[in-house]
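The chain contents come next:
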Amino acid sequence: MSKVCEVCGRGKQSGKNVSFSNRKSNRTYEINLQKAKVEINGKEQTVRACTKCIKKAKAN
C-alpha cells in the first residue's frame, strides 16, 4: 500500500534535516493519511485520504 492520497494524489515529500551545527542530511516527510468514508454514486466507500482533503470536505 503506497502512502498516496486517493483524492488529491499527494505523496511523500523530500527535504533536509538541519542540525544545530547546520549540517544537512536528507529526510522524507510523510503525509497524514486516514481512512474516511465517502459516498460515491449512492454507495458508501472507504478511501485513504489526507487530512487536508478531509477538512475541505467537512467545510463544504
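Scroll up a little and you will see the structure.
Conventions used here
Residues numbered from 1 in each chain as written. Predicted model: local features only at pLDDT ≥ 70, side-chain atom pairs only at ≥ 80, totals over all residues. Heavy atoms only, no water. Salt bridge = Lys/Arg side-chain N within 4 Å of Asp/Glu carboxyl O. Helix = DSSP H or I, 4+ residues; strand = E, 2+ residues; numbered from the N terminus. Buried < 20%, exposed > 50% of the residue type's maximum accessible area, 1.4 Å probe, protein only. Pairing = 2+ DSSP bridges.

Draft legend 1. View of the pattern of salt bridges. Across all of its chains, the model carries one salt bridge by this definition. A salt bridge links K12 to E30, with the shortest nitrogen-to-oxygen separation between them at 3.8 Å. On the criterion of sequence distance, the pair formed by K12 in the segment before β1 (13-18) and E30 in the loop between β2 (24-29) and β3 (33-40) is long-range, its members being 18 residues apart. K12 sits in the exposed class, given a relative accessible area of 56%.

Draft legend 2. Spotlight on the pairing of β1. Two elements, β1 and β2, share six bridges in a ladder whose sense is antiparallel. Considered in β2, the bridge of G15 is made with R27. The turn joining β1 and β2, which pair antiparallel and follow one another in sequence, is formed by five residues; a positive phi near 70° is taken by N22.

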